[in-house]
Amino acid sequence: TTVTDLAKGVAMTKSGAGWGDYDGGVGWSFDGTNDHITSDSTISISEYVTGNSTTAGTISCCLWMRTASNVIAGAGAEVEGPLFYLGGYTFALFFQSGELHMFAVDDDSGTNEYCSSASTQTELEGDNWFFICGQMNNTTSTNGDQSAGTSAIYIAGGDAGGGAELLTAHATDSIGASFEFANTDVSIEIGQYSNNSWFFDGEIGPVMLYNRCLTEDERVLNFNAFRNRYYSSAIG
């Protein structure tokens, strides 16, 4: 019934989400109706991303996922659901209108930042597991291998039928010059957007969060660390 953020020791509660082996991959199962995993209290956001500056702030989120529909129950046809969420719209990876999005809200109610993939919903649904890494660099110099003022989403297919590749960014975008990450302490949520009452329909495996951007070698390392659970061959 409980989950712990191993790096920071943040206690989290699993509400309804199952745990098991799904298509050869171990993870949590979410029903798209009310299942979620949420931290028991707010986290210190400054340990995850730096806000209140137009020239500071780096973050990366890597996770494994699998879904059959991404439909949020009761929210209309083909309205998709959240994977990882720092509350208050601070940072998120989620599906909407058949695409994978990374999103961060501007601290001063300015221009919010999106990085959206061109993947159709059908490419990322079904029985395949996928490894996803989203990262944002709001600084004035390269961080990891992420250029200054840019964001990117990387995807690796979880089996031989996966159409996406890890070693090339699946989506990239620029970050506006006036953007600042939010700096309010918030909750961590997996499989849920509490602000929108959105829920994910599918499975989510390991989630890895960093207060910096990763290099290609680090993304590949994270993929290969769990590849035997979801995929039979290494990348790189």
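What you see is a predicted model, and the numbers here were worked out from it, not measured in a lab.

Novice: Now, about the layout of surface pockets: what can you tell me, with residues and values included?
Specialist: Once rolled over the atoms, a probe with the size of a water molecule shows which space is left empty. In this structure, the largest pocket spans a volume of roughly 580 Å³. In this structure, the largest pocket is lined by 23 residues; those nearest its centre are T4, D5, L6, V207 and M208. Broken down by secondary-structure element, the contributors of at least two residues to the lining of the largest pocket are β1 (2-5), β14 (188-190), β17 (201-210) and α1 (216-230). For the lining of the largest pocket, the leading source of residues is β17, giving six residues. Its residues assigned to classes, the lining of the largest pocket shows 16 nonpolar, three polar and four charged.

Novice: Describe the environment of D108, naming the residues involved and giving the relevant values.
Specialist: Among the structural elements, D108 can be located in the loop between β9 (99-104) and β10 (113-116). Under the relative-accessibility criterion, D108 is labelled partly exposed at 49%. Taking the C-alpha atoms as reference points, D108 and S178, 70 residues apart in sequence, are found 9.1 Å from one another.

Novice: So what about the side chain of E180? Which residues, and what values?
Specialist: Relative to the elements of secondary structure, E180 occurs in the loop between β13 (171-174) and β14. The buried charged residue E180 lacks any salt bridge partner; its closest oppositely charged side chain belongs to K8, at an N-O distance of 22 Å. Beyond its immediate sequence surroundings of up to four residues, E180 is in contact with N52, S53, T54, V105, D106, D107, D108 and N138.

Novice: Talk me through the nonpolar core; I want residue IDs and the actual numbers.
Specialist: Among the nonpolar cores identified, the biggest contains 39 residues, and L83, L86, I132 and M136 are the most heavily contacted of them. Of all the elements, strand β6 (residues 58-66) adds the most residues to this core, at four residues. In this structure L83 touches L63, M65, L93, F94, F95, L100, I132, E189, I190, G191, F200 and I204, once residues within four positions along its chain are discounted. In terms of nonpolar packing, the next biggest core, distinct from the first, is built from 14 residues, C62, W64, C133 and A152 among them.

Novice: An account of the side chain of N222 is needed here, citing residue identities and associated values.
Specialist: By the element assignment, N222 lies in helix α1. Judged by relative accessible area, N222 falls into the buried class, the value being 10%. When neighbours within four sequence positions are excluded, N222 is seen to be in contact with C62, F131, M208, Y210 and L214.

Novice: Lay out the sheet that holds strand β12 (residues 150-157) with the relevant residues and their values.
Specialist: Overall, antiparallel pairing links the seven strands, which are arranged β3-β4-β17-β6-β11-β12-β13 in an open sheet. Two strands bound the open sheet, and with one partner strand each, they are β3 (18-22) and β13. Within this sheet the neighbouring strands show an average axis-to-axis angle of 30 degrees, counted without direction. Sheet analysis places strand β4 (residues 25-31) next to β17, joined by four bridges and oriented antiparallel. In the strand pairing of β17, S29 is matched with E203.

The rules behind each value
Residues numbered from 1 in each chain as written. Predicted model: local features only at pLDDT ≥ 70, side-chain atom pairs only at ≥ 80, totals over all residues. Heavy atoms only, no water. 1 Å grid on protein atoms, 1.4 Å probe; cavity = no way out; pocket = protein on both sides within 12 Å on 5 of 7 lines; lining within 4 Å. Points joined across faces, edges and corners; volume = space filled by probe spheres on them. Helix = DSSP H or I, 4+ residues; strand = E, 2+ residues; numbered from the N terminus. Nonpolar A, V, L, I, M, F, W, Y, C, P; charged D, E, K, R; others polar. Buried < 20%, exposed > 50% of the residue type's maximum accessible area, 1.4 Å probe, protein only. Lys, Arg positive; Asp, Glu negative; His and termini not counted. Salt bridge = Lys/Arg side-chain N within 4 Å of Asp/Glu carboxyl O. Contact = heavy atoms within 4.5 Å. Core = buried A, V, L, I, M, F, W, Y, C linked by side-chain atoms within 4.5 Å. Pairing = 2+ DSSP bridges. Axes fitted to C-alpha atoms, helices over the stretch in contact; angles between N-to-C directions.

Geometric descriptors of this kind do not, in isolation, establish any biological role.
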